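Residue-level structure breakdown
Given next are the chains, with one letter for each unit.
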Amino acid sequence: MLLLALILVPATAAALAYVFPTFGKRVLLVGAAAVHLALVLRLWATPGDHALGGWLAEDALGRIILTLVSVLFLAVAHYALGYLREESARAGRAFVSCMLGFLASATLVTLSHHFVLLWIGMESTTLAVAPLIYHRHDRRSLEAVWKYLVLSSVGIAFALLGVFLLATAQPSGAMGGRPLVLDDMIAHASALDPVWLRAAFVFVLIGFGSKMGIAPLHAWKPDVYGVAPGLVSALMAGALTSCAFLGLARVVSICFAAGVDDFVRPALIGFGLFSIAIAAAFMIGQGDVKRLLAYSSVEHMGLLILALGLGGVGAYGAVLHALNNGLAKVMVFLAVGNVVLVAGTSVADDIRGVLRRMPGSAILLVVGLFAVTGSPPFGMFISEYTIVNAAIGEHHPWVAVVVLVLLSIIFVAMAAMILEMVYGEATAARATQRPGTDRPRLVMAPMLLAVLVLALGVYLPRPLTDALSSAASALGGRAP
Amino acid sequence: MTPLADLVLLLVVLSDFAVLATSRLSACIRAIAFQGMLLGSLPLLLHPGMALHTVTLAAGTMVIKAGVLPWFLRWAIREAAVRREVEPLIGYMASLILGAAALAVAFVVATALPLHVVGTDLLVPVALVTVMIGLIVLTTRSKAITQVVGYLMLENGIYLFGLTQLQRVPFLVEVGVLLDVFVGVFIMGIVVFHINREFDSISAARLTELHD
């Protein structure tokens, strides 16, 4: 019942916001987000819930990602109230409906234990965010949304083929369990056909990988994140990519249970390293701050699948990293959104002296810089440390070395741009010519996320570590 | 199994090549509509017996893939006053040679795959070749609307593969495919319309402002 409510509350609110726009779409947006978060917290008290004959079920991994999505959505929804008032007259019902629709479909992804349901949820997220990307209705956003639709639709089509191949790998009858139900596939993993399972993995990796934006399937990412409104980029980089990672992780957990590691692990490690390397290469000399963050997202998606492929404590690190990445990425995207809103551009050279004009957002930017690059004492330091540890522990010391070198390059590239924006002198820069300062309501939500990502670096509460451990063991790893 | 099903599958391949070879947009859409009709008839041919499930699937597929979607594409062309040529990035001959290569690859791969569930031997290779030709159309045609046609073919190929699992995996699969093709193409169609209004042409090749 609770699981269905989690999906139906935002879905109903989306419909209401569209039908009765004057009635209070803003109240619906924040209200539904708050109710959703309350229900998610209720879920932590009653683990193991399921609905629709096991097609919807909650487990540690799904619960962690769902909580992340719910927290991020509430923060973004609160931010949206202020942002839309500032930015445009287009803050129409379609925008609010699509946001709530995104929440409903992302929830479906995290709760699905049936691969077709999971796929439907994933496809719905694509369709829900497309109008959000096109929010500004100009040429650049049109180009971005077209690229996004074509690439992610092809990706998601491949993922569907992957799901069919998964079904083909499963023997019929009692030997294989119910078709495409996650728990049954894990329980009867030894009966799965390895040839079809490998084929399924390849297509799912391409499919969900293009949704995650791992290299070389990331072509849409800088364009979309660069053009979409800050809060939309935030929602995509924090919540959408985490859901796509979850989809991939579900299939990978089946592959591990069926013992096709020899094929799956090298692929994940290879694509992971390649993504981090591509991100580093394109971050050096990048001129646009939102595109810089997009490549940072490519980097962290690479780290996630790398950690998944490494196994051992890497699995634990992967889930923790998904959590940290989501919080930090949304926070920094919202902060950059504030700056871009005032400066009217996201070209870094035109933005100077943020500290003087917008002290709140400036602090957020600097904190965000250290948070997303994995500096202590932020949460991402712990997860990146765990991942590097896993590389050494699982006998891939060269992976650890390569990752550390690339992460250092990325830190320098990001610091160079962001510190210059914050502390740089405002000579001839357009940013300071335009009136505008911090709006308190636009600083509150990212500030809260900054506190959360700091808290995760200092102290992990017991229920969370328990959930992380059980998620790690579901992904063929263990707690450190 | 049934010679009729084999014949229909061969016609599907033929319609794939028709899309590759034609220079006229309207012919492209006719070919894709014809393909939708063929796909709709397949559940009935592969699983005779007129079970409610197969009949609904067949009817739904025909209505959407052979009726609604082609109608929608024609509407977009008319409303947006698109020029009638396909405008490929590579020549028609090169497209056909690529298609032939895809056909060969599909048959080689399909014989190597251990699939025991299917009634006819042709289903898997035809599914693969349709997916590949869909990808070729998607990547080598410059107009946004022809890219939509390519995407539709890709989905058609996946649908064909899905037919191998028709008896085992629940009804939901087919609903998912039909629904998502419908919604996906609907939204894509609207974007195509906007692209045309904005750029005075629906050539996706003009979309080049965003780059590093």
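The sections below set out a description of the structure shown in this document. This is a predicted model, so every value here is computed, not measured. (Residues numbered from 1 in each chain as written. Chains lettered and ligands numbered in written order. Predicted model: local features only at pLDDT ≥ 70, side-chain atom pairs only at ≥ 80, totals over all residues.)

So, the overall build of chain B
If you tally the helices and strands in chain B, you get seven helices and zero strands. Tracing chain B from N to C terminus, the helices and strands come up as α-α-α-α-α-α-α. Classification of the 212 residues of chain B by burial places 47% in the buried group. Sequence separation of 24 or more characterises 74% of the internal contacts of chain B that already satisfy a separation of 6 or more. (Helix = DSSP H or I, 4+ residues; strand = E, 2+ residues; numbered from the N terminus. Buried ≥ 20, exposed ≤ 12 C-beta atoms within 10 Å, placed from the backbone. Contact = placed C-beta atoms within 7 Å.)

Let's talk about the overall build of chain A
Tallying secondary structure elements over chain A gives 19 helices and two strands in all. For 480 residues, the compact-globule estimate of 2.2 N^0.38 gives 23 Å, and chain A sits close to it at 21 Å. Overall size of chain A, expressed as C-alpha extent along the three principal axes, is 70 × 55 × 45 Å. Looking at chain A residue by residue over its 480 residues, the buried ones come to 63%. Relative to all contacts within chain A whose residues are 6 or more apart in sequence, the contacts with residues 24 or more apart total 81%. (Rg over C-alpha atoms; globule rule 2.2 N^0.38 Å.)

Here we look at the interface of chain A and chain B
On the chain B side, the residues contacting the 33 residues of chain A number 32 residues. Elements supplying a minimum of two residues to the side of chain A that touches chain B: helix 5 (115-133), helix 6 (139-169) and helix 9 (220-227) of chain A. With 17 residues, the single largest contributor to the side of chain A that touches chain B is helix 6 of chain A. A class-by-class count of the residues in the side of chain A that touches chain B yields 23 nonpolar, four polar and six charged. (Nonpolar A, V, L, I, M, F, W, Y, C, P; charged D, E, K, R; others polar.)

Here we look at helix 6 of chain A
Under the 1.5 Å per step criterion, the end-to-end length of helix 6 of chain A is 45 Å for 31 residues, consistent within 8% with the ideal 45 Å. Judged by how many residues are buried, helix 6 of chain A sits mostly within the fold: 29 of 31 residues are covered. (Expected span 1.5 Å × (residues − 1).)

Focus: the nonpolar core
In this structure, A:Val76, A:Ile133, A:Val319 and A:Met331 are the most contacted members of the largest nonpolar core, which totals 264 residues. Ignoring any residue separated from it by four or fewer positions in sequence, one finds A:Val76 in contact with A:Leu231, A:Ala234, A:Leu235 and A:Val330. (Core = buried A, V, L, I, M, F, W, Y, C linked by C-beta atoms within 7 Å.)

Re helix 17 (residues 397-423) of chain A
Residue and element names in this part refer to chain A. With 27 residues, helix 17 should reach 39 Å at 1.5 Å per residue; the first-to-last C-alpha distance of 38 Å fits that figure. For helix 17, the full list of buried residues reads Val 399, Val 403, Leu 406, Ile 410, Ala 413, Met 414, Met 417, Ile 418, Met 421 and Val 422. On its buried face, helix 17 sits against helix 11 (261-283), helix 12 (289-310), helix 14 (354-357), helix 15 (359-372) and helix 16 (379-393).

Thoughts on the packing of helix 4 (residues 93-111) of chain A against helix 5 of chain A
Residues and elements named next belong to chain A. Their axes nearest at 8 Å, the elements helix 4 and helix 5 cross at an angle of 160°. The pairing of helix 4 with helix 5 is recorded here as roughly antiparallel in orientation. Along this stretch, helix 4 crosses helix 5, giving a crossing that reads as left-handed. When helix 4 is examined against helix 5, the residues Ala 94, Phe 95, Cys 98, Met 99, Gly 101, Phe 102, Ser 105, Ala 106, Leu 108 and Val 109 are found in contact with a partner set consisting of Leu 117, Leu 118, Gly 121, Met 122, Ser 124, Thr 125, Ala 128, Val 129, Pro 131 and Leu 132. Each residue belonging to the contact of helix 4 with helix 5 can be placed in one class, and the counts come to 15 nonpolar, five polar and no charged. (Axes fitted to C-alpha atoms, helices over the stretch in contact; angles between N-to-C directions. Parallel < 35°, antiparallel > 145°, perpendicular 65-115°, else oblique. Left-handed = near helix turned anticlockwise from the far one by under 90°.)

A word on the packing of helix 2 (residues 25-46) of chain B against helix 6 (residues 144-163) of chain B
Residue and element names in this part refer to chain B. Between helix 2 and helix 6, the shortest axis-to-axis distance is 11 Å and the interhelical angle comes to 10°. As the angle between them shows, helix 2 and helix 6 are arranged roughly parallel. Here helix 2 contributes Leu 25, Cys 28, Ile 32, Gln 35, Leu 39, Leu 42, Pro 43 and Leu 46 to the contact with helix 6, which in turn contributes Ile 145, Thr 146, Val 149, Leu 152, Met 153, Asn 156, Tyr 159 and Leu 163.

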